[in-house]
Amino acid sequence: MTVNTTANANDNHINIYEAHEWKHSTKVAGVTWKNPVGTASGTFQYAAVRRFYDVSQLGAVSTKGCSPVPWEGNPSPRTAEGPASNLNAVGLQNPGVDHYLEDDLPKLKKAGALVVANVAGHCDDDYMQVVAKLADSPADMLEINVSCPNVTHGGMSVGTDPVALAALMDKLRPMTDKPLIVKLTPNVTDITVPARAAVEHGADALSMINTLLGMRLDIRTGEPIIANKTGGVSGPAVLPVGIAAVYRTRTALPDIPIIGIGGIDSGEKALEYLYAGANAVEVGAAALFDPVAPLRIARELDDLLDARPELAAKLAAGQTWR
Amino acid sequence: MTTFTPTHDVVAEAQAAGFFPPRHTVEITDARALADRVMRLTFRDPFIASHAKPAQFVNLFTHDDFMLMPRPFGVSEVEGDEVSVIFAVIGHGTEQLAQLKAGDTVDVLGPLGRGFNLKQDANYILVGGGLGVPPLICAAQRIASLAGSVATSVIGYRDERFAEDFVSRYTDRSWSITNAEGNVVDLLNQMEASGDLDVDGLKPVILSCGPLPMMKAVAAWAAKRGIPAQLSMEQRMGCGYGTCVLCTVDTVDGRLKVCSDGPVFTREQLGWGE
């Protein structure tokens, strides 16, 4: 099985802890990543991950969504399992942007990580307050989360409405020179519509996909397993959805940098996203199955790109396969 | 399932670099049913065996690509470099883990979470119910090695006393009760009435793990008497190591992560029985 970093899983064993000279970089909105693999924001908490590997080895780390004040998120249970997938309804629990600026961000920068600060809000003012505070911070890039399916206001309700998304971007764009990545939801008929709205209103890059809306019931009780009733589906099951989203967006918007997310648990699947037209990828749910998955995938991809010099050269130059 | 043949020691690689071991493959050394749909699995893992504390847990993974989520189980015993867990066969994942036999492999991550805080010269009452018993077996095992400390188990079973042999192996005194006979609070009341709560002048400390209503009742009983209580919580989990924030519990300090802030919380933290 591909998520398996186990002792006897494959013959091409990589010791991810040995010092490694990265061979293949990429460029996202003018920012060079030492390799094309980052973490996806929902599953990255530095305090938890730092015990397992050196996060500065990743192309980037996208940190957990941060709001103007602490959010307590949704009640438990927050998770259920689906076929080759996980459902989550955290509801963006986080200690707030002030804590982020005092704690996580300086620690990550000190560790040498390239940081994508993920921004969450219930309304335009929330997003603006967070971006205002991050504008002068050491964060390298900002990722605007308009795609969370587990909050009643903000999140996906903005990302599924191109008019609302354009209005939000018009407010955020003048606030910072930092590259703005807009993280999009797959819960739309045509993802190129919000993608175009974001790009035409100042997005420097797009990341996709956030989770798909999903639900599981307990057949003993007939009731939803998750307290929030619905959750966001992630994991290997959503891979084809993410690949299609990247491919269609690349076709519609040939020049916008895209970070591909969804179901990546191996270097091969990361490579598939790059062939679909992504400049980089982020790894989310795979970190639930093995803490070191993002770094292992980065190492696998670094070797896979050796045999693909044309693709590797395009990525390093800020271009893509398509 | 294949016979275990290690080719790369990822645990050693991680430790050499100063990091906590990632998910890795271990060999099952024993697998047995303790009761109807209650299994005990033992695997060989020197790292987990030498680091696990009572009420810490391990993530076990199925061999099925459709069921990728970890299955977290409290460590029930450590013997040499072997680690045991006890679990109920509830769904497809535990059904698959229940098929494992000695010589098979399983993937593990751990030990995870914060365990019980155990000291020398203390009088522990281990109050458990159902599948909350395994972490208490581990606690009893550890307490037996602490100079001057004693352990009394007070266990409630639905019907079959499936863990009694394991519990009484390590405890100084062992009490149990089935649903038909009563509950653990009845046992605690009996102990109090017969003057059995204090041992050698030591006031009791409660360690508890079991169904939520049981633990709340135990916390309330302890609070009324000013007895400290450490409660090991259960919740549907994701990663098990604190990164996904899927397993929270409401405490007086806000919503905390069961997997990494716990699973052990004090009754004061939980605000139970205050």
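Quantities reported herein were computed from a predicted structural model and do not represent experimental measurements.

1. Some remarks on the overall build of chain B
- Within chain B, the regular secondary structure consists of eight helices and 14 strands.
- Oriented by its inertia axes, the alpha-carbon framework of chain B measures out at about 60 × 40 × 35 Å.
- Considering chain B as a whole, with its 274 residues, one finds that 51% of them fall into the buried category.
- In chain B, the share of contacts with a sequence separation of at least 24, taken over all contacts with a separation of at least 6, comes to 63%.

2. Regarding the overall build of chain A
- Check the secondary structure of chain A and you find 11 helices and 16 strands.
- For 322 residues, the compact-globule estimate of 2.2 N^0.38 gives 20 Å, and chain A sits close to it at 18 Å.
- Burial status across chain A gives 59% buried among its 322 residues.
- Sequence-distant contacts, at least 24 apart, represent 72% of the contacts inside chain A between residues at least 6 apart.

3. Remarks on the interface of chain B and chain A
- Taken residue by residue, the interface counts 38 residues in chain B and 39 residues in chain A.
- Looking at the side of chain B that touches chain A, the elements with two or more residues in it are helix 1 (10-16), strand 1 (24-35), strand 12 (248-251) and strand 13 (254-257) of chain B.
- With four residues, the top contributor of residues to the side of chain B that touches chain A is helix 1 of chain B.
- A class-by-class count of the residues in the side of chain B that touches chain A yields 19 nonpolar, 12 polar and seven charged.

4. A short note on the sheet that holds strand 8 (residues 150-157) of chain B
Residues and elements named next belong to chain B.
- Read across the sheet, six strands follow the order 9-8-7-10-11-14 without closing on themselves; strand pairing throughout is mixed. Edge positions in the open sheet fall to strand 9 (173-178) and strand 14 (264-266), since each of these has one partner strand only. Mean inter-strand twist for the sheet, computed between neighbouring axes without regard to direction, equals 20°.
- Examined bridge by bridge, strand 7 (residues 123-129) and strand 8 share seven bridges and lie parallel to one another.

5. Some words on the domain arrangement of chain B
All names here are of chain B.
- The assigned domain composition of chain B is domain 1 (10-112) and domain 2 (123-231).
- Relative placement of domain 1 and domain 2: their C-alpha centres are 25 Å apart.
- Those elements that provide at least two residues to the side of domain 1 that touches domain 2 are strand 1, strand 4 (71-79) and strand 5 (82-88).
- Here the side of domain 1 that touches domain 2 gets five residues from one element, more than from any other, and that element is strand 4.

6. Re the packing of helix 5 (residues 162-172) of chain A against helix 6 (residues 192-200) of chain A
Residue and element names in this part refer to chain A.
- Where helix 5 meets helix 6, the closest approach of the two axes is 8 Å, and the angle between their N-to-C directions is 20°. In terms of orientation, helix 5 and helix 6 fall into the roughly parallel class. You can see that helix 5 and helix 6 cross each other, and the crossing is right-handed. Residue-level contacts link Pro-162, Leu-165, Ala-166 and Met-169 of helix 5 to Val-193, Pro-194, Ala-197 and Ala-198 of helix 6.

7. Points about the pairing of strand 5 (residues 79-82) of chain A
Residues and elements named next belong to chain A.
- Burial along strand 5 is two-sided: Thr-79 and Glu-81 facing one way and Ala-80 and Gly-82 facing the other are all buried.
- Here four bridges tie strand 5 to strand 6 (residues 85-88), and the two strands are oriented antiparallel to one another. The residue of strand 6 that forms the bridge with Thr-79 is Asn-88.
- Connecting strand 5 to the next strand, strand 6, in antiparallel fashion are two residues, including Ala-84 with a positive phi near 50°.

8. A look at helix 6 of chain A
Residue and element names in this part refer to chain A.
- Considered for burial, the residues of helix 6 that qualify are Pro-194, Ala-195, Arg-196, Ala-197, Ala-198 and Val-199.
- Structurally, helix 6 contributes buried residues whose contacts are with helix 4 (156-159), helix 5, strand 9 (180-183), strand 10 (205-208) and helix 7 (239-252).
- Positive backbone phi, at 110°, marks Gly-202, one or two positions downstream of helix 6.

9. Brief notes about the sheet that holds strand 11 (residues 212-214) of chain A
Residues and elements named next belong to chain A.
- Taken in spatial order, the four strands make up an open sheet running 5-6-14-11, and their pairing is antiparallel. Each end of this open sheet is capped by a strand with a single partner; those strands are strand 5 and strand 11. Going from strand to strand, the sheet's axes swing by 35° on average, the running direction of each strand aside.
- Here three bridges tie strand 11 to strand 14 (residues 231-234), and the two strands are oriented antiparallel to one another. Residue Leu-213 lies in a different strand from strand 14, and its bridge partner there is Gly-232.

10. Some remarks on helix 8 (residues 267-276) of chain A
Residues and elements named next belong to chain A.
- Within helix 8, eight of the 10 residues are buried, which leaves it mostly tucked inside the rest of the structure.
- Residues of helix 8 that are buried: Gly-267, Lys-269, Ala-270, Leu-271, Glu-272, Tyr-273, Leu-274 and Ala-276.
- Its buried side turned inward, helix 8 meets strand 3 (37-39), helix 7, strand 15 (258-261), strand 16 (280-283), helix 10 (293-304) and helix 11 (309-316).
- Once helix 8 ends, the next one or two residues include Gly-277, with phi positive near 120°.

11. A short note on unusual backbone geometry
- For the bond from Gly-110 of chain B to Pro-111 of chain B, the omega torsion is 0°, close enough to zero to count as cis.
- Of note, Pro-111 of chain B is situated in strand 6 (residues 105-112).
- In the segment running from Gly-262 of chain B into Pro-263 of chain B, the intervening peptide bond is cis, with an omega of 15°.
- With phi around 50°, Ala-84 of chain A is a residue other than glycine that occupies positive phi space.
- Phi is positive for Leu-92 of chain A, which is not a glycine, with a value near 60°.

12. Comments concerning the environment of Ser-147 of chain A
Residue and element names in this part refer to chain A.
- Along the chain, the position of Ser-147 falls in the loop between strand 8 (141-145) and helix 4.
- Owing to 25 C-beta atoms within 10 Å, Ser-147 belongs among the buried residues under this scheme.
- Between the C-alpha atom of Ser-147 and that of Trp-321, which follows or precedes it by 174 residues, the distance is 26 Å.

13. Describing the environment of Ala-147 of chain B
Residues and elements named next belong to chain B.
- In this structure, Ala-147 sits in the loop between helix 4 (133-143) and strand 8.
- We classify Ala-147 as exposed; it has 6 C-beta atoms within 10 Å.
- Note: C-alpha distance between Ala-147 and Lys-119 (28 residues apart in sequence) is 8.7 Å.

14. A short note on the environment of Val-10 of chain B
All names here are of chain B.
- Along the chain, the position of Val-10 falls in helix 1.
- Exposure remark for Val-10: the 24 C-beta atoms within 10 Å place this residue in the buried category.
- It is 9.0 Å that separates the C-alpha atoms of Val-10 and Thr-25, two residues lying 15 residues apart in sequence.

Conventions used here
Note on numbering: residues in each chain are counted from 1, in written sequence order. Written order decides the labels, with chains lettered from A and ligands numbered from 1. Local features in this predicted model are restricted to residues of pLDDT 70 or higher, and side-chain atom pairs are both shown and tallied only at a pLDDT of 80 or more, whereas totals for entire chains, interfaces and linings draw on every residue. A run of DSSP states H or I qualifies as a helix once it reaches four residues; a run of E qualifies as a strand once it reaches two. Both are numbered from the N-terminal end. Residues with at least 20 other C-beta atoms within 10 Å of their own are called buried, those with 12 or fewer are called exposed, and the rest are partly exposed. The C-beta atoms themselves are positioned from the backbone. Contact definition: two residues whose C-beta atoms, as placed from backbone geometry, lie within 7 Å. Radius of gyration means the value over C-alpha atoms here, while the globule rule gives 2.2 Å times the residue count to the 0.38 power. The nonpolar class holds Ala, Val, Leu, Ile, Met, Phe, Trp, Tyr, Cys and Pro. Asp, Glu, Lys and Arg form the charged class, and all remaining residues, Gly among them, are polar. Here a strand pair is declared whenever DSSP counts at least two bridges between the two strands. Every axis in this analysis is a line fitted to C-alpha atoms, fitted for helices over the stretch in contact. Angles between the N-to-C directions lie between 0 and 180 degrees. Residue ranges for the domains trace back to a domain assignment, done automatically or taken from a database. Angle categories: roughly parallel below 35 degrees, roughly antiparallel above 145, roughly perpendicular from 65 to 115, and oblique for all the rest. Left-handed is the label given to a crossing in which the near helix is rotated counterclockwise from the far helix by less than a right angle, and right-handed is the label when the rotation is clockwise.

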